[in-house]
Structure formats: structure tokens, C-alpha cells
Amino acid sequence: MTQPAPVLSDDTRELLLQLAAKLDALRPNAAMSEGIRLGQALVLAEKMHGPTEAAYDAEQDFLVAAPAVRDGETRGEYAAQLRLVAQGVTL
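Small disclaimer: the values here were computed from a predicted structure and weren't measured.

Draft legend 1. Examining the overall build of the protein chain more closely. Counting secondary structure elements, the protein chain contains four helices and zero strands. In sequence order, the protein chain lays out its α and β elements as α-α-α-α. Projected onto the principal axes, the alpha-carbon positions of the protein chain cover approximately 35 × 35 × 20 Å. Counting the 91 residues in the protein chain, one finds 36% classified as buried. For the protein chain, restricting intrachain contacts to residue pairs at least 6 apart in sequence, the fraction spanning at least 24 positions comes to 70%.

Draft legend 2. Molecular detail of the environment of Ala 20. Relative to the helices and strands, Ala 20 resides in helix α1 (residues 10-25). Those residues in contact with Ala 20 that sit more than four places away from it in its chain are Ala 79, Leu 82 and Arg 83.

Draft legend 3. Unusual backbone geometry, seen in detail. Even without being a glycine, Arg 27 presents a positive backbone phi close to 55°. With respect to the element layout, Arg 27 can be found in the loop between α1 and α2 (34-49). On the basis of relative accessible area, Arg 27 is assigned to the exposed category, the value being 55%.

Draft legend 4. Seen up close, the nonpolar core. Ranked by size, the top nonpolar core spans 22 residues in total, and within it Leu 16, Leu 23, Phe 62, Tyr 78 and Leu 82 carry the most contacts. Setting aside its immediate chain neighbours within four residues, Leu 16 contacts Leu 8, Phe 62, Ala 65, Ala 66, Leu 82, Val 85 and Ala 86.

Draft legend 5. A look at the pattern of salt bridges. Inspection of every chain in the model, using the stated rule, returns three salt bridges. Asp 24 is paired through a salt bridge with Arg 83; the nearest N and O atoms lie 2.6 Å apart. Here the residue Asp 24 occupies a position in helix α1, and Arg 83 occupies one in helix α4 (residues 75-86), the gap between them amounting to 59 residues. By relative accessible area, Asp 24 is classed as partly exposed at 33%. By relative accessible area, which is 29% here, Arg 83 ends up partly exposed. With its nearest N and O atoms 2.6 Å apart, the salt bridge here joins Glu 34 to Arg 37. Of this pair, Glu 34 and Arg 37 both sit in helix α2, three residues apart, roughly one helical turn. Judged by relative accessible area, Glu 34 falls into the partly exposed class, the value being 31%. Since its relative accessible area comes to 7%, Arg 37 is described here as buried.

Draft legend 6. Spatial organisation of the packing of α1 against α4. Across the interface, α1 lies against α4 with an axial gap of 8 Å and an inter-helix angle of 160°. If you check the angle between α1 and α4, you find them roughly antiparallel. As for the relative orientation of α1 and α4, their crossing is left-handed in sense. Across the interface between the two elements, Arg 13, Leu 16, Leu 17, Leu 19, Ala 20, Ala 21, Lys 22, Leu 23 and Asp 24 from α1 touch Arg 75, Gly 76, Tyr 78, Ala 79, Leu 82, Arg 83, Val 85 and Ala 86 from α4. Here the contact of α1 with α4 is built from residues that sort into 11 nonpolar, one polar and five charged.

Thresholds, definitions, all that
- Residues numbered from 1 in each chain as written.
- Predicted model: local features only at pLDDT ≥ 70, side-chain atom pairs only at ≥ 80, totals over all residues.
- Heavy atoms only, no water.
- Helix = DSSP H or I, 4+ residues; strand = E, 2+ residues; numbered from the N terminus.
- Buried < 20%, exposed > 50% of the residue type's maximum accessible area, 1.4 Å probe, protein only.
- Contact = heavy atoms within 4.5 Å.
- Core = buried A, V, L, I, M, F, W, Y, C linked by side-chain atoms within 4.5 Å.
- Salt bridge = Lys/Arg side-chain N within 4 Å of Asp/Glu carboxyl O.
- Axes fitted to C-alpha atoms, helices over the stretch in contact; angles between N-to-C directions.
- Parallel < 35°, antiparallel > 145°, perpendicular 65-115°, else oblique.
- Left-handed = near helix turned anticlockwise from the far one by under 90°.
- Nonpolar A, V, L, I, M, F, W, Y, C, P; charged D, E, K, R; others polar.

And the structure:
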């Protein structure tokens, strides 16, 4: 039995889509890394909310929603996964 996809906040969905766009726009064929996932979560959340508790909460929610990076995955491939998650698809 499959589990229903978690309900994402508007902030989480927006952060997923922002990172997907950023990864597609800059070197989509380059390797994706967990460091990029972690660093961009903070950068984008603080860009959205400033250095606040709301940014911390948005960052944490993003990290729960965004899948872990797989070995050998490109930035473009990861961007596609982020868009699916933002649409409510469970990976």
C-alpha cells in the first residue's frame, strides 16, 4: 500500500521550485551533491524570509521534502525530482 504524499506548505513548494529552476539554469549536466542541497536550502529560505525563525522553519521543511541526492545524479535530474515533489508526487 502506498502512502499519500505529504501536504507541502506554499513556502516549501516555492523553495523546491526555486532550487529546481536554479539547478536547470546553471550547469544542469554537472554533478549534484548533498552539499548543494543543504546549502541552497538555507540560502533560499533566508532569501525568502530574511535571517528569521520563519527562514529556519522553511529550511527544515524543505529538507524534509527534498529527496536525498543519489550517487551520479546530475543537477538537471535532481531538478526534475524537485518539481515532481512540488506537484505532490511521492518518490
